[in-house]
Protein chains: 4
Amino acid sequence: MKVSERLRKDADDIWEKIIKHPFVTELYNGTLPMGKFRFYILQDYNYLTSSIKNFSIISSKADSIDSMREVIEILHLESVSEFKGYEEFLRKLGYRIEDAGNIEPTPTNISYVNFLLSTSSLKSYAESITSVLPCFWSYAEIAEHHKDKLSKNENKLYVDWALVYLSKPYVNLVEKIKRLVDKAGETTSYEMLKETFITASKYEYMYWDAIYNMNAWPI
Amino acid sequence: MKVSERLRKDADDIWEKIIKHPFVTELYNGTLPMGKFRFYILQDYNYLTSSIKNFSIISSKADSIDSMREVIEILHLESVSEFKGYEEFLRKLGYRIEDAGNIEPTPTNISYVNFLLSTSSLKSYAESITSVLPCFWSYAEIAEHHKDKLSKNENKLYVDWALVYLSKPYVNLVEKIKRLVDKAGETTSYEMLKETFITASKYEYMYWDAIYNMNAWPI
Amino acid sequence: MKVSERLRKDADDIWEKIIKHPFVTELYNGTLPMGKFRFYILQDYNYLTSSIKNFSIISSKADSIDSMREVIEILHLESVSEFKGYEEFLRKLGYRIEDAGNIEPTPTNISYVNFLLSTSSLKSYAESITSVLPCFWSYAEIAEHHKDKLSKNENKLYVDWALVYLSKPYVNLVEKIKRLVDKAGETTSYEMLKETFITASKYEYMYWDAIYNMNAWPI
Amino acid sequence: MKVSERLRKDADDIWEKIIKHPFVTELYNGTLPMGKFRFYILQDYNYLTSSIKNFSIISSKADSIDSMREVIEILHLESVSEFKGYEEFLRKLGYRIEDAGNIEPTPTNISYVNFLLSTSSLKSYAESITSVLPCFWSYAEIAEHHKDKLSKNENKLYVDWALVYLSKPYVNLVEKIKRLVDKAGETTSYEMLKETFITASKYEYMYWDAIYNMNAWPI
C-alpha cells in the first residue's frame with residue numbers, strides 16, 4: 001500500500017467526522033447561514049497567507065531538485081490562482097482585502113498554522129509535506145462525498161465555492177501532493193509521518209468546528 | 001516606562017486571571033488534588049523540553065554578542081538546574097523520565113509550544129525573547145502574590161515546588177529576561193511586541209486551565 | 001536616489017572590473033576557449049540549483065504578502081525557464097543533466113552559495129533580497145555593455161547565451177528585483193545593505209575569475 | 001571502527017598538511033612573527049563569535065534531548081571560558097575588544113564560517129555536528145604532535161596559547177564532540193558525513209594558510 005493510502009486509512013475515524021461536519025454538510029446542501037460562510041472566507045484568507053509562507057519553507061527543504069521544482073509549482077499555483085479565487089469571493093461578499101487582514105484569527109486557526117509552520121521550520125521535509133496533505137486531500141473527499149447535493153443547492157456562492165474542489169486542476173494538485181508524500185515516505189519512519197498526518201487531520205476537524213461555532217479566545 | 005513594564009500593564013486583565021486561577025490558588029493553599037499536580041508535572045516536563053530547543057533558536061538570533069551570551073546563560077540554567085528540578089519531582093512522584101516522554105501533551109500545551117517555536121523560527125529576536133517573558137515572569141508574580149499561603153500549606157511537595165519561584169536565582173533570571181526585552185524593545189515597534197506578549201499571556205492562562213481540567217483533544 | 005542606484009554607485013569600482021573581466025569580454029567577442037564555457041555551464045547549473053533553494057528561503061521571509069508573491073514569481077521563473085535554458089545548453093554541449101550534478105563546484109562557487117544561503121537563513125529579508133541583486137543586475141549590465149560585439153561573434157552558442165540577458169523578460173526581472181530592494185531598503189539601515197551588496201559583488205567578480213582560471217581547491 | 005576514527009583516517013592527507021603547516025610549526029617552536037600571531041588572534045575572535053551562533057543552531061536541531069543538553073554544555077563552555085581566554089589574549093596584545101569587532105575577516109574566514117552556518121541552518125544535525133569536529137580535534141592533534149617543542153619556546157604568549165589545547169578540559173571537550181558524531185553517525189549515511197568532514201578539514205587548512213599569508217580580498 002502506498003504511504004498516502006496507509007495514512008488515509010489510519011485516520012479514517014477522524015476523516016469520517018470531517019466529511020460529515022455540519023459546516024460542510026450545510027454548505028453543500030445550501031442551508032449554511034451566510035454569516036458562518038462570511039466568517040469562514042475571512043478566516044481562510046488568513047490561513048492561505050500563512051500557507052504560502054509554509055510552502056516556501058517546505059520548498060527550501062525538499063529532498064531533491066525534482067521535488068523542489070514540484071513544490072514550487074504548488075506554491076506558485078497557491079500564490080496565483082488560489083489567492084485570486086479568495087479575493088474574488090471577498091469582493092462578492094462585499095469585503096475589501098484589507099478587511100481580511102484585519103480580522104482576528106480563531107485560536108484554532110492560529111494553532112493549526114503554528115503547527116504547520118513549526119513542522120516545516122524544525123522537522124524533516126517528509127513530515128512537512130505530509131502535514132499539508134490532510135487539508136488539500138480532505139477538501140477533495142468532501143467534494144466527492146457531497147457533490148450530489150449541489151444540484152439542489154440554491155446558494156450560487158456555495159456552489160461556486162464547491163465546484164473548485166471538483167475541478168480537474170484541483171484533483172491533479174491533490175494527486176501531486178500525494179505523490180510527493182509517497183516519495184518522501186520511502187525513506188522515512190512511517191510512525192513519524194502517521195503522527196503528523198493524524199495531528200493535521202485533527203486540526204482540520206477542529207478548524208471547521210471553530211468556524212461553525214465562531215469561537216473566539218476564551219480570554 | 002520600560003518596555004517590560006508597559007507590556008505588563010497592557011496585559012493586566014489577563015494576568016489578574018492567571019494569578020487567581022484555581023490551579024494556582026489551590027496549589028499554594030494545599031488543596032489542589034494530587035492527580036492534577038501529577039498531570040501538571042508530566043505536561044510541564046514536555047513543555048520544558050521544547051523550551052530548551054526554543055532558547056537555542058533564540059540564542060542563534062540574538063541582536064548582539066552580549067545578548068547572545070546572556071541567552072546562553074539562561075539556556076544553560078534551564079538545561080541543567082530546571083531539568084534537574086523536574087527530574088527530582090518526577091522521581092518523588094514515582095515516575096521514570098520515560099513516563100514523561102510518553103504522555104500526550106494537551107492540545108493547549110502543543111499550541112503554546114508551536115506558538116513559541118514558530119515565533120523564534122520565523123519572527124525577530126525581539127519578538128522571540130518577548131514571547132518567553134510571560135511564562136517566567138508570571139511564575140514569579142504568582143509566587144509573590146500567594147506566598148503567605150505557604151505557611152499553612154501542608155503538602156510538602158507543593159511548598160517545595162513554590163519555593164523555587166521565590167528564590168533569589170529565579171528572581172534574578174526573570175530580571176535578566178526583562179532586561180533583554182527592554183534592550184531589544186528599544187529598536188522594535190512596541191505594537192508588535194505587545195501582540196506577542198498578549199498572545200503568550202493568553203496561552204499561559206489557557207495552559208493552567210487545560211491542565212486543571214485535564215483537557216484531551218476534542219477528537 | 002533609490003537604494004538600488006546608491007548601492008550600484010557605491011560598488012562602481014568592483015562592477016567596472018566585473019564588466020571588463022576577460023571571461024565576459026571573450027565570451028561576447030567569441031574568442032573564449034570552448035573548454036572554459038563548458039566549465040562555466042556545468043558550474044553555473046550547480047549555482048542555479050542552490051539559487052532556487054535560496055529564493056525559497058527568501059520568499060518565506062518576505063516583509064509583506066505582496067513582496068512574497070513577487071518573490072514567488074521570480075522563484076517560479078527561475079525554476080521553470082532558467083532551468084530549461086540551462087538544460088538546453090547542457091544538451092547542446094553533449095552533457096546529460098547528471099553530469100552537471102556530478103562535477104565538483106569551485107571553492108569560489110561554494111563560498112558564494114554559502115554566503116547567499118547563510119544570509120537568507122540568518123539575516124533579514126532586506127539583506128537577503130539585496131544579496132541576490134548583483135548577480136541578476138550585473139548580467140544585464142554586461143549584456144548592455146558588450147552587445148555591439150555580438151554581430152561579429154561567430155560562436156552561435158555564445159550569442160544564444162548572451163541574447164537571454166538582453167531580452168525583455170530578463171530586463172523586467174532585474175527591474176522587479178531592484179524594486180523589491182528599494183522597497184525593503186526603505187526601513188533598513190543602508191550601511192548593512194551596502195555591506196551585503198559589496199560582498200555579493202566581490203563574489204560575482206571572483207566567480208568569473210575562478211571559472212576563467214578553472215580553479216580547484218588548493219588542497 | 002567508530003565513525004569519527006573512520007572520518008579521521010579518510011582525511012589523513014589533509015590533516016598531515018594541517019599539522020605541518022608553517023604557521024603551526026613556527027608557533028610551537030617560537031619563531032612565528034608576532035605580527036602573524038596578532039593577526040590570528042583578531043581573526044579567530046571573529047570566528048569564535050560566529051562559532052557560538054553556530055552551536056546555538058546545532059543545539060536547536062539535536063537528535064535527542066540528551067544530545068541537546070550535551071551541545072548546550074559545549075555552547076556554554078565556548079561562550080564562557082573560550083571567550084574569556086580570547087579576551088585575555090586580546091588584552092595582553094594591547095587590543096580592546098572593539099578592535100577585534102572592527103577588523104575585516106579574511107575571505108577564507110568568511111567562507112569557512114558561511115560553510116558552517118549554512119550546514120547547521122540547512123542540513124541535518126549529524127552533518128552539523130560533524131562539520132565542527134575538524135576544528136576542535138585538529139587543535140588537539142596539533143598540540144600533541146608539537147608539544148615537545150614548547151620547552152624550548154621562549155615566547156610565553158605562544159606557550160600559554162598552546163597549553164590550553166593540551167589541558168584536560170580541552171581534551172575532554174574533543175572527546176565529547178567525537179562521541180556526539182559517533183552517535184549521530186549511527187543513523188546517517190557515512191558518505192554525507194565524510195564529505196562534510198573533508199570540506200571542513202580543507203577549510204581548516206586554508207584558514208591557517210590565509211592567516212599565515214595575511215590574505216585580503218583579491219578585489
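Below or above, wherever it landed, is the structure these notes cover. (Residues numbered from 1 in each chain as written. Chains lettered and ligands numbered in written order. Predicted model: local features only at pLDDT ≥ 70, side-chain atom pairs only at ≥ 80, totals over all residues. Heavy atoms only, no water.)

Looking at the interface of chain D and chain B
By a frequent convention, interface size equals the accessible area lost on bringing the separate parts together.
Alright, step 1. Each partner contributes residues to the interface: chain D has 18 residues there, and chain B has 18 residues.
Alright, step 2. Summed over both partners, the interface of chain D with chain B buries about 1700 Å², with 62% contributed by carbon and sulfur atoms.
Alright, step 3. When the buried area of chain D at its contact with chain B is split by residue, R69(D), I72(D) and H76(D) rank highest and sum to 31% of it.
Alright, step 4. Summed over the shared surface of chain D and chain B, the result is 2 salt bridges.
Alright, step 5. We note a salt bridge from E87(B) to R69(D), for which the minimum N-O separation is 3.3 Å.
Alright, step 6. The tally of links from chain D across to chain B stands at 11 residue pairs in polar contact (both at pLDDT 80 or more). (Contact = heavy atoms within 4.5 Å. Buried area = accessible area lost by both parts, 1.4 Å probe. Salt bridge = Lys/Arg side-chain N within 4 Å of Asp/Glu carboxyl O. Polar contact = N/O pair within 3.5 Å; in protein donor to acceptor, adjacent residues only side chain to side chain.)

Focus: helix α11 (residues 190-212) of chain D
All names here are of chain D.
Alright, step 1. The terminal C-alpha atoms of α11 lie 33 Å apart, and with 23 residues this matches the ideal 33 Å at 1.5 Å per residue to within 8%.
Alright, step 2. Counted residue by residue, α11 has 18 buried out of 23 residues, so it is predominantly covered.
Alright, step 3. M214, located one to two residues past α11, shows a positive phi value of around 45°. (Helix = DSSP H or I, 4+ residues; strand = E, 2+ residues; numbered from the N terminus. Expected span 1.5 Å × (residues − 1). Buried < 20%, exposed > 50% of the residue type's maximum accessible area, 1.4 Å probe, protein only.)

Focus on the relation of the copies chain B and chain A
Between the two chain copies there is a screw-like relation: a rotation about an axis and a shift along it.
Alright, step 1. With an RMSD of 0.0 Å, the operation that places chain B on chain A is a rotation of 180° combined with a shift of 0.0 Å along the axis. Interpreted geometrically, this transformation is the action of a two-fold axis.
Alright, step 2. Here 100% of the interface residues in chain B have copies in chain A that are interface residues too; the copies meet face to matching face. (Least-squares fit on C-alpha atoms with pLDDT ≥ 70 in both.)

As for helix α4 (residues 34-60) of chain A
Alright, step 1. For α4(A), which comprises 27 residues, the first-to-last C-alpha distance of 39 Å matches the rise-based estimate of 39 Å (1.5 Å per residue) to within 8%.
Alright, step 2. In terms of burial, α4(A) is largely enclosed, as 22 of its 27 residues are buried.

Focus on the packing of aromatic side chains
Alright, step 1. The full count for this structure, using the stated rule, is 99 aromatic pairs over all chains.
Alright, step 2. For the ring pair F37(A) and Y40(A), a centre distance of 6.2 Å and an interplane angle of 40° mean the geometry is tilted. Of this pair, F37(A) and Y40(A) both sit in helix α4, 3 residues apart, roughly one helical turn.
Alright, step 3. We classify Y40(A) as buried; its relative accessible area is 0%.
Alright, step 4. Between W217(A) and Y203(B), the aromatic rings sit 5.5 Å apart at their centres with planes inclined by 80°, giving edge-to-face as the arrangement. Remark: Y203(B) occurs in helix α11 (residues 190-212) and W217(A) occurs in the segment after α11 (190-212); the pair is interchain, linking two chains.
Alright, step 5. Its relative accessible area of 12% is what places W217(A) among the buried residues.
Alright, step 6. By relative accessible area, Y203(B) is classed as buried at 1%.
Alright, step 7. An aromatic cluster is present here, built from F23(B), Y28(B), F37(B), Y40(B), F89(B), Y139(B), Y158(B), W161(B), Y165(B), Y170(B), W208(B) and Y212(B) joined pairwise through their rings. (Phe/Tyr/Trp six-rings, centres within 6.5 Å; stacked < 30°, edge-to-face > 60°.)

That is the geometry; function is a separate question.
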